Amino acid sequence: MVLPGIWADAARRFQSGVAAKAGLVVIFSLALLAIVGPWINPNRFDALDWANVAVAPTFQHAHWFGTDRLGRDLFVRALAGTRASLLIGLFASAISIIIGISYGAVAGYLGGRIDNLMMRSVEILSGLPLVFFVIFVTVLFGHNPYWLFVSIGAVGWLTMARIVRGQTLSLRQREFIEAAIASGASTGRIIYKHVIPNLLGPVIVYATLTVSQTILFESFLSFLGLGVQEPQASLGTLISAGAGEMESAPWILMIPGIILALLLTSLNFLGDGLRDALDVKER
Amino acid sequence: MIHSPLLQVSDLCVQFGAFTAVNPVSFDLNEGETLGLVGESGSGKSSLARAILRLVPATGVVLWKSENILACSHQRLRRLRRDLSIIFQDPLASLNPRMQVGDLLAEPLHIFEPALSHNERQRRILKMLDRVGLHANMLTQYPHEFSGGQCQRIGVARAMMLQPQLLVCDEPVSSLDVSIQGQIVNLLVDLQIEFNTAMLFISHNMAVVRHISDRVLVMYRGQLVESASCDTLFAAPVHPYTRALLAAVPVIGATAARPSAML
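Quick caveat: nothing in here was measured; it's all calculated off a predicted structure. (Residues numbered from 1 in each chain as written. Chains lettered and ligands numbered in written order. Predicted model: local features only at pLDDT ≥ 70, side-chain atom pairs only at ≥ 80, totals over all residues. Heavy atoms only, no water.)

Okay, the overall build of chain A next. Check the secondary structure of chain A and you find 11 helices and zero strands. When the helices and strands of chain A are placed in sequence order, the string is α-α-α-α-α-α-α-α-α-α-α. Counting across all 283 residues of chain A, residues that qualify as buried make up 48%. Taking the contacts inside chain A whose residues are at least 6 apart along the sequence as the reference set, 68% of them involve residues at least 24 apart. The average position of the 19 basic charges and that of the 17 acidic charges among the side chains of chain A differ by 10 Å. (Helix = DSSP H or I, 4+ residues; strand = E, 2+ residues; numbered from the N terminus. Buried < 20%, exposed > 50% of the residue type's maximum accessible area, 1.4 Å probe, protein only. Contact = heavy atoms within 4.5 Å. Lys, Arg positive; Asp, Glu negative; His and termini not counted. Charge placed at Lys NZ, Arg CZ, Asp CG, Glu CD.)

Structure, rendered in structure tokens:
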């Protein structure tokens, strides 16, 4: 029985926000398309169609979004790219939720020397330039999407840990925590039952922002050639390839660009909507 | 019949940095007894209450059945908390806003009687809920859905769930309106008699303290200035501060002829 009433409340307020609802619908449709895409189009993401190189969007040969310079179908590639970007985004926010919340809540609740030690470590880690870190990992372990996941996940939880710790510091002063201590609850129980459930509002909002930040960051890495490798596609690699053809074949840039823009905007609207819906002050 | 007091406080001090909230304070509390603690805002009443339960750092000795609460291990302290309970001044703030009433009341049982079956736990929660005058259909509601008086009933129910031997009430009725205050005080007294709980009742409402206390302590600037049985204190206050405190109680229909005592 985890908080149905609070969620029901939040769901009701969430429904009243048009932008947030639209955002949710867009994200769901894109995710659904990304999953079923390969089945509704006969082309494969890495198949070369030499007869139709760099054609504009057409119904011939089912090249609905056209093809790129090598004759690969852009509809399938764009959806494969969306899938890769969404996966990385969700993975990073899952990591940041799991590690960030437990780390931040423990540091904030215990306070004192432990807090100092834990948060200074976070600062050292976040002091590392992210791009440098990713290059380092890539050089050490080679190009592999799993290592990309790991290196993005390894640094993605740092901000979440800080946010959670800050929230925990103020929660710790609240009287219901004192009541829990007085009732003999163990530290673990207080963190798990009293601190974390009261953090969920800001955490969920930040988690949706993490998804879009990570997608953007992955696009940036792929653009630099450090992310997802050919023939695999991500929105970043597609945009990077399209940027070179901007004048001769604008759709190669436009298609993944529009999807990325749609995805990021929807995620931001969703985050805003969730923030409003979970805000206790509006109750 | 002579037995040692349930709670013996000696030389208890509470310091917040350079500020001394409680100067050496000593008193006893017997089984089933109600001890009133009065004093103006900032006189150290709440700090004293929290220090007894080791919720704020303090020095001195707090003997609970001849065991020093301030010196025992954290493990031991958590065991002891089964018999020590507290009710807070702000009823809403002392309840976790993300927990349903049923979960709030189940928590003491989860902590101290984890072996209890689900049905038995529900039965005891419902019994206590009924005892404090709330309905069973409130089990799945959240604290913010209740009025202040109802929240304090939940607080009382949670505090009395394990039938504690000591209940510290930190101004439990100060934030409630007058008609509700009486109900909560009567509820506390009823439960106290039923469970034979000793009570440290903090208030600045002299009428309430007079109504329920066996003995009364008066605090002023972190020190105990007077300690007497309830009747003695109200009939013949000794310390000038106590007199000032009693004189400050507004009397309905009083004329200008009231004695005015000030410090």
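Turning next to helix α7 (residues 175-182) of chain A. Residues and elements named next belong to chain A. In terms of burial, α7 is a largely internal element, seven of the eight residues being buried. If you check which residues of α7 are buried, you get E175, F176, I177, E178, A179, A180 and A182. G184 sits one or two residues past α7 and shows a positive phi near 90 degrees.

On to unusual backbone geometry. Residues and elements named next belong to chain B. Even without a glycine there, the phi angle at Q163 is positive, about 50 degrees. Along the chain, Q163 falls in the loop between α5 (148-160) and β7 (166-170). Look at Q163 and you get partly exposed, because its relative accessible area is 45%. Located in the positive-phi region is E171, a residue other than glycine, with phi close to 45 degrees.

In this section: the interface of chain B and chain A. At the junction of the two partners, chain B supplies 24 residues and chain A supplies 26 residues. Buried area between chain B and chain A, both sides added, is near 2,300 Å², and the carbon and sulfur share of it is 54%. Applying the counting rule to chain B against chain A returns three salt bridges. Note that E175 of chain A is salt-bridged to R50 of chain B, the shortest N-O span being 3.4 Å. Where chain B meets chain A, there are 10 residue pairs in polar contact (both at pLDDT 80 or more). Elements with a minimum of two residues in the side of chain B that touches chain A: β6 (84-87) and α3 (101-112) of chain B. (Buried area = accessible area lost by both parts, 1.4 Å probe. Salt bridge = Lys/Arg side-chain N within 4 Å of Asp/Glu carboxyl O. Polar contact = N/O pair within 3.5 Å; in protein donor to acceptor, adjacent residues only side chain to side chain.)

Mapped onto the secondary structure, L199 of chain A falls in the loop between α8 (187-195) and α9 (200-224). Taking the C-alpha atoms as reference points, L199 of chain A and F75 of chain A, separated by 124 residues in sequence, lie 40 Å from one another.

Strand pairing within a sheet occurs via backbone hydrogen bonds; the two strands may be parallel or antiparallel. All names here are of chain B. Strand order in the open sheet formed by six strands is β6-β7-β8-β3-β9-β10, and the pairing between neighbours is mixed. Bordering the open sheet on either side are β6 and β10 (223-229), each of which pairs with just one other strand. Pairwise comparison of adjacent strand axes, ignoring direction, gives a mean angle of 15 degrees for this sheet. As defined by bridge partners, strand β3 (residues 34-38) adjoins strand β8 (residues 198-202) across four bridges and the pair is classed as parallel. When the sheet's bridge partners are listed, L37 is paired in β8 with I202. Contacts between helix α6 (residues 178-195) and the sheet are confined to β3, β6, β7 and β8, with β8 contributing the most and set at about 160 degrees to the helix. (Pairing = 2+ DSSP bridges. Axes fitted to C-alpha atoms, helices over the stretch in contact; angles between N-to-C directions.)

Turning our eyes to something else, we now look at the packing of aromatic side chains. Residues and elements named next belong to chain A. Evaluation of the coordinates by the stated rule reveals six aromatic pairs over all chains. On the basis of an interplanar angle of 70 degrees and a centroid distance of 5.1 Å, the ring pair of F65 and F75 is categorised as edge-to-face. Of the two residues, F65 sits in the loop between α2 (18-40) and α3 (74-110) while F75 sits in helix α3, which places them 10 residues apart along the sequence. Residue classification places F65 among the partly exposed residues on the basis of a relative accessible area of 27%. On the basis of relative accessibility, which here comes to 7%, the residue F75 falls in the buried class. (Phe/Tyr/Trp six-rings, centres within 6.5 Å; stacked < 30°, edge-to-face > 60°.)

Residues and elements named next belong to chain B. Summarising the sheet, strand β1 (residues 7-16) and strand β2 (residues 19-29) pair through seven bridges and their orientation is antiparallel. Pairing of V14 across the sheet is with V22, part of β2. In this antiparallel pair of consecutive strands, β1 and β2, the connection spans two residues, and G17 shows a positive phi of 65 degrees.

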